[in-house]
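Examination of the molecular architecture
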Amino acid sequence: MKNISNFVTAVDKQQLVSFNKNFTYDPNEYYFSEKDQQILQHLFQISKVAEMYDTDTIYWSKSYEEEKQLIIPPTFATELLQLLDGQDASLTVMRDKEALFKYNRIVLETTKPDFTFKLNKDSEAHYILEMEDVQQSIFLESYRLLFLDGTFYALSTEDWQALQPFISFQHITKNEIVQFSEQQLSEVISYVLPSLQKSGELEIDTAIQDRLVKRPLEIEVHVQKVERQHTVDIAYHYGEQSFHPFQIEEQLENQAAIIIRDVEKETHFMQIIENAPLHISSNQLVVDDKEASYYQFYARTVPALSALADVYLDEELETLVEKDVLPTTTLDVSTELNYLSIAFDFKGIDPVEVPDILNAIREHKNIIAWKTVILFR
């Protein structure tokens, strides 16, 4: 077929079209089944859409190969595959004009494929995650279609979103095997495997499965004043095993148990840390050296962290925090001058700063007092 667009147009208009000197399509002599007519009508609509957006022909003519092709727009793809499903049609997967695979029929499914993942340990004490199905998949992102082993999968928005980590992974590497160390095993088990289990069947070596342990997470936060800096140390405790999320080199002993970490709690806790006025200095988490940052950290961040963790402040820093502070109000009535005098006193606040605090209250602003953080009810 020299020109597919010319052919589907001729079929639609019941016109003659010549393929070569030995064959000419004549609608009076040849006919198509009802299903084939639906497919050809669909291709005709696609060719008309292509003509609307094909500006290249204004400047130069198409090549011979291009005239034999018809690019399927995403809005037409699923319906066309539905028409082709089960028909006498073949499919060839090409790469750089080279045929890789050929299938004798086209199959369309509307449910996601059942991927199979395998987690094993090799003879060199490395752990191997096999993702053969994912790496052999072809993700047609513009079409929201997945192709695997001769089958197209038209996925829902939810199922397609669940595949995004695999699509990103495939952009990074084409390897079907991911290798990692003992020190990384707990994180892979906790963070990666749950996503894999949602997308297919996960087979874990019994030697690994028998080591899996789930323990409650206890978080400790220690805030200290080191010279002029307020440092923050964080530790995740799972039983006797601890993790320090901001240590560059985590020193973990090669323990028999593999801890399944509480990803939800860790993530919630880390979101609070990420929104706090903190930065890393010399591998140490430090409160920003600004008066407003100290207020935000001690008045906002510390209470939020306390809901998830045990927070310990140095004795010197404990004096910075006054909880549920209420002003002491003094009323004085002068009978001689006939006026009412009202005075406010705040625990731990220099009386000179009291007017500024009252103004801040009226304007609904954060209250920052030098050397003292006030937490109002």
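Refer to the structure printed above.
The structure contained in this document is the topic of the report that follows. Remember, predicted model here, so these are calculated numbers, not experimental data. (Residues numbered from 1 in each chain as written. Predicted model: local features only at pLDDT ≥ 70, side-chain atom pairs only at ≥ 80, totals over all residues. Heavy atoms only, no water.)

**Digging into the overall build of the chain**
Per the secondary structure count, the chain includes 14 helices and 25 strands. Burial statistics for the chain: of 377 residues in total, 36% are counted as buried. Only carbon and sulfur atoms are counted for the fraction: they give 48% of the accessible area of the chain, which is about 24400 Å². (Helix = DSSP H or I, 4+ residues; strand = E, 2+ residues; numbered from the N terminus. Buried < 20%, exposed > 50% of the residue type's maximum accessible area, 1.4 Å probe, protein only. Areas by Shrake-Rupley, 256 points an atom, 1.4 Å probe, with all protein chains shown as cover.)

**Here's the deal with the pairing of strand S19 (residues 284-287)**
By the bridge criterion, two bridges tie strand S15 (residues 229-238) to S19 in an arrangement that is antiparallel. Bridged to Thr231 within S19 is Val286. Two strands pair when backbone bridges link them, and strand S18 (residues 278-281) and S19 are joined in this way by four bridges, in the antiparallel orientation. From the neighbouring strand, Ser281 faces S19, where its bridge partner is Gln284. Hairpin connection between S18 and S19: a loop of two residues separates the two successive antiparallel strands, and Ser282 in this loop has a positive phi of roughly 55°. (Pairing = 2+ DSSP bridges.)

**Focus on the sheet that holds strand S6 (residues 115-121)**
In spatial order, the strands read S11-S7-S6-S12; together these four strands make up an open sheet with mixed pairing. Looking at which strands have only one partner, the edges of the open sheet turn out to be strand S11 (177-180) and strand S12 (200-204). Adjacent strand axes in the sheet meet at a mean angle of 15°, parallel and antiparallel pairs treated alike. For strand S7 (residues 127-130) and S11, the ladder comprises four bridges, and the chain directions are antiparallel. By the bridge assignment, Ile128 is partnered in S11 with Gln179. Across the face of the sheet, helix H9 (residues 182-199) comes into contact with S6, S7, S11 and S12 while running at roughly 150° to S12. (Axes fitted to C-alpha atoms, helices over the stretch in contact; angles between N-to-C directions. Contact = heavy atoms within 4.5 Å.)

**Topic: the packing of aromatic side chains**
By the definition in use, this model includes 16 aromatic pairs. Relative to Phe32, the ring of Phe7 lies with its centre 6.4 Å away and its plane at 75°, an arrangement referred to as edge-to-face. Of this pair, Phe7 sits in helix H1 (residues 4-12) while Phe32 sits in the loop between strand S2 (23-25) and helix H2 (34-53), placing them 25 residues apart in sequence. For Phe7, a relative accessible area of 9% corresponds to the buried category. The class of Phe32 is partly exposed, set by a relative accessible area of 24%. Taken together, the ring pairs in this structure connect Phe7, Phe19, Phe23, Tyr25, Tyr30 and Phe32 into an aromatic cluster. (Phe/Tyr/Trp six-rings, centres within 6.5 Å; stacked < 30°, edge-to-face > 60°.)

**Topic: the layout of surface pockets**
Space inside the largest pocket adds up to approximately 1800 Å³. Surrounding the largest pocket, 36 residues form its lining, Leu70, Ile72, Ser90, Leu91 and Thr92 being those nearest its centre. Those elements giving two or more residues to the lining of the largest pocket turn out to be H1, H2, helix H5 (74-84), strand S3 (91-95), strand S8 (138-140) and strand S9 (145-148). Among the residues making up the lining of the largest pocket, the classes are represented as 26 nonpolar, four polar and six charged. Domain assignment of the residues forming the lining of the largest pocket places at least three in each of domain 1 (4-108) and domain 2 (109-205). (1 Å grid on protein atoms, 1.4 Å probe; cavity = no way out; pocket = protein on both sides within 12 Å on 5 of 7 lines; lining within 4 Å. Points joined across faces, edges and corners; volume = space filled by probe spheres on them. Nonpolar A, V, L, I, M, F, W, Y, C, P; charged D, E, K, R; others polar. Domains from an automatic or database assignment.)

**Observations concerning helix H8 (residues 164-172)**
Regarding H8, the residues found buried are Phe166, Ile167 and Gln170. What you see down the axis of H8 is that its buried residues fit within an arc of 100°, all on one side. Turned more than 90 degrees from where H8 packs its buried face, His171 and Ile172 sit exposed. Buried residues in H8 make contact with S6, helix H6 (132-136), S8, helix H7 (157-162) and H9. (Arc of directions from axis to C-beta.)

**Describing unusual backbone geometry**
Residues other than glycine seldom take positive phi values, yet Lys97 does so here, at roughly 65°. With respect to the secondary-structure elements, Lys97 resides in the loop between S3 and strand S4 (98-103). Residues other than glycine seldom take positive phi values, yet Glu227 does so here, at roughly 55°. Locating Glu227 in the fold gives a position in the loop between strand S14 (217-226) and S15. By relative accessible area, which is 75% here, Glu227 ends up exposed.

**Notes on the side chain of Ser137**
One can find Ser137 in the loop between H6 and S8. Residues within four places of Ser137 in sequence aside, it is in contact with Phe115, Leu146, Phe147, Leu148 and Gln170.

**Observations regarding the pattern of salt bridges**
Applying the stated criterion across every chain yields a total of four salt bridges. Two residues, Arg211 and Glu182, come together in a salt bridge whose shortest N-O distance is 2.7 Å. Of this pair, Arg211 sits in the loop between helix H10 (206-209) and strand S13 (212-213) while Glu182 is found in helix H9, placing the two residues 29 residues apart along the sequence. Residues Arg211 and Glu182 agree in their burial class; the two are buried. Between Arg261 and Glu187 there is a salt bridge whose closest N-O contact spans 3.6 Å. Highlighted residues: Arg261 in the loop between strand S17 (258-259) and helix H11 (263-274) and Glu187 in helix H9, separated in sequence by 74 residues. Accessibility expressed as a relative area gives 9% for Arg261, which makes it buried. (Salt bridge = Lys/Arg side-chain N within 4 Å of Asp/Glu carboxyl O.)

**Looking at the sheet that holds strand S5 (residues 107-109)**
If you trace the four strands from one edge of the open sheet to the other, you get S5-S10-S9-S8, paired in mixed fashion. Two strands bound the open sheet, and with one partner strand each, they are S5 and S8. Averaged over all neighbouring strand pairs, the angle between strand axes comes to 25°, with direction disregarded. Bridge count between S8 and S9: three bridges; the pairing is antiparallel. In the strand pairing of S9, Phe139 is matched with Leu146.

All quantities given are derived from atomic positions and should not be read as evidence of function.
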